[in-house]
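Here are the chains, one letter per residue:
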Amino acid sequence: MSDILLLGAARSGLSATAQSLVAACGAERVDARGLSPQALPAAAGKIRLLCAGDDAPDIAQLRAAPAWLDALPEARALVVGRSAVDFVNSRLRARPGADFIDHCVLWTRAQRAARDLAERHAGRVLAVEQRRLLAEPQTVAEEMRRFLGAPEFSASAAARTLAAARPGRSAAMMGAAVDNPAQTGWSMAEVELFLSICGAESHPGESAALLRAAESRRPIDLRQALLDRASPQGVRIEPAEARGGAAVVRFPRRSDATSAQSEALRLFSIEAGGRRMARLCLKALEGEGEAQFEIVESLTRKPLCVERLALSGGAELNLARLLPPHGGLIDLTIARAVHDGGGAFAIERASLSTA
């Protein structure tokens, strides 16, 4: 049997595949990263398993693969791959200090390079999907045996090794692979970046649907929404850059307002969807009194949350409330409940989320 070139991005199942090949045919494992074909150690009568995984966005090993197959005309290449979302999610856990974009670029470039390699060397490249390694070990082992065309290759030994491979750090290997960006906990900016880089390769024609699914789970920043489109009545709202982007709400003195009922800040028709966890952090800046925080269904006016919040002495108040099931479209009101004079408070944080 000829040499085997093992390729793919790191954390795509390379180790499990290498272990199965060593068990199946006694191949001698060689770290071929950074080597040229001419610098390979002698075969010493054994099949050489040339391991050349990529761990950086420049995919140096996959880019060099055509030259390897040109120089070794009898060699075959196995390219191990992983679904895009699961791959990026796994690398974020393993390398939290790396840039999100690097993981996306590595996956996309690896996919394209593997496809180009298979087209250039038709019949000499086999793509292996990581999840199938453990979900269908016997089937994958048989595919590798037929592809490598070696009678000494033991598909049963390869299958046993694959079935026993359970790296705890790999979600896909544990049967907990993630394929939808909406299930990852990524920010909306990260989801959009992922789709812009990986979308065409990972889910052709499905990017819009994935984006909508992720959007439906993204927390709503109510503080920013209040700044952007609230309807103030008898009050003023303004950003405070010195307070890290907090929204400062100022109430006039009671004698300056036409009525207490007119002193309110309202945000209409928020598309809450399934988001039911409301969070609010307020800090008193001037004056003392009470504010009323209210959420109602937009169409039925059904109250979902009504809270009176005492604000005095520079105190900070944190509120977290799980709303009852609702129709998805809600209105938010922050009004003065009791106040003897003018005052101000800062909305440090306000959000609506799924949990």
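So, a few notes on the structure that sits alongside this text. (Residues numbered from 1 in each chain as written. Predicted model: local features only at pLDDT ≥ 70, side-chain atom pairs only at ≥ 80, totals over all residues. Heavy atoms only, no water.)

With that settled, consider the overall build of the protein. Helix and strand counts for the protein come out as 10 helices and 16 strands. Scored against the burial criterion, the 355 residues of the protein give a buried share of 49%. For the protein, long-range pairs separated by at least 24 residues make up 73% of all intrachain contacts whose partners lie at least 6 apart in sequence. Summed over its atoms, the accessible surface of the protein is roughly 16500 Å², and 50% of this surface lies on carbon and sulfur atoms. (Helix = DSSP H or I, 4+ residues; strand = E, 2+ residues; numbered from the N terminus. Buried < 20%, exposed > 50% of the residue type's maximum accessible area, 1.4 Å probe, protein only. Contact = heavy atoms within 4.5 Å. Areas by Shrake-Rupley, 256 points an atom, 1.4 Å probe, with all protein chains shown as cover.)

With that settled, consider the packing of aromatic side chains. Summed over the entire model, instances satisfying the criterion amount to 3 aromatic pairs. Taking the centre distance of 5.1 Å and the plane angle of 80° together, the rings of Phe100 and Trp186 count as edge-to-face. In this pair, Phe100 is assigned in helix H4 (residues 100-120) and Trp186 in the loop between helix H7 (155-164) and helix H8 (188-202), connecting sequence segments 86 residues apart. One aromatic cluster in this structure is built from Phe100, Trp186 and Phe194. Above the ring of Phe147, the side-chain terminus of Arg76 is found at 5.3 Å from the ring centroid. (Phe/Tyr/Trp six-rings, centres within 6.5 Å; stacked < 30°, edge-to-face > 60°. Lys NZ or Arg CZ within 6 Å of the ring centre and 35° of its normal.)

This part is about the pattern of salt bridges. Throughout the structure, instances matching the rule amount to 16 salt bridges. Notably, a salt bridge pairs Asp3 with Arg48, separated by 2.7 Å at the nearest N-O pair. With Asp3 in the segment before strand E1 (4-9) and Arg48 in strand E3 (residues 48-54), this residue pair connects regions lying 45 residues apart in the sequence. Like Asp3, the residue Arg48 is buried in the burial classification. The shortest N-O distance in the salt bridge between Asp55 and Arg95 comes to 3.1 Å. With Asp55 in the loop between E3 and helix H2 (60-71) and Arg95 in the loop between helix H3 (84-94) and H4, this residue pair connects regions lying 40 residues apart in the sequence. Beyond isolated ion pairs, a larger network of salt bridges with shared partners links Arg236, Glu238, Arg250 and Glu286. (Salt bridge = Lys/Arg side-chain N within 4 Å of Asp/Glu carboxyl O.)

Our focus in this paragraph is helix H10 (residues 222-229). Residues of H10 that are buried include every one of Leu222, Arg223, Ala225 and Leu226, and no others. In an axial view of H10, the angular spread of the buried residues amounts to 165°, which keeps them on one side of the axis. (Arc of directions from axis to C-beta.)

Before going further, it helps to examine the packing of H4 against H8. Contact geometry for H4 and H8: axes closest at 9 Å, N-to-C directions at 5°. The pairing of H4 with H8 is recorded here as roughly parallel in orientation. Taken together, the residues of H8 that come into contact with H4 (itself represented by Phe100, Ile101, Cys104, Val105, Trp107, Thr108, Gln111, Arg112 and Arg115) are Glu190, Leu193, Phe194, Ile197, Cys198, Glu201 and Ser202. A breakdown of the residues in the contact of H4 with H8 according to their chemical character gives 9 nonpolar, 3 polar and 4 charged. (Axes fitted to C-alpha atoms, helices over the stretch in contact; angles between N-to-C directions. Parallel < 35°, antiparallel > 145°, perpendicular 65-115°, else oblique. Nonpolar A, V, L, I, M, F, W, Y, C, P; charged D, E, K, R; others polar.)

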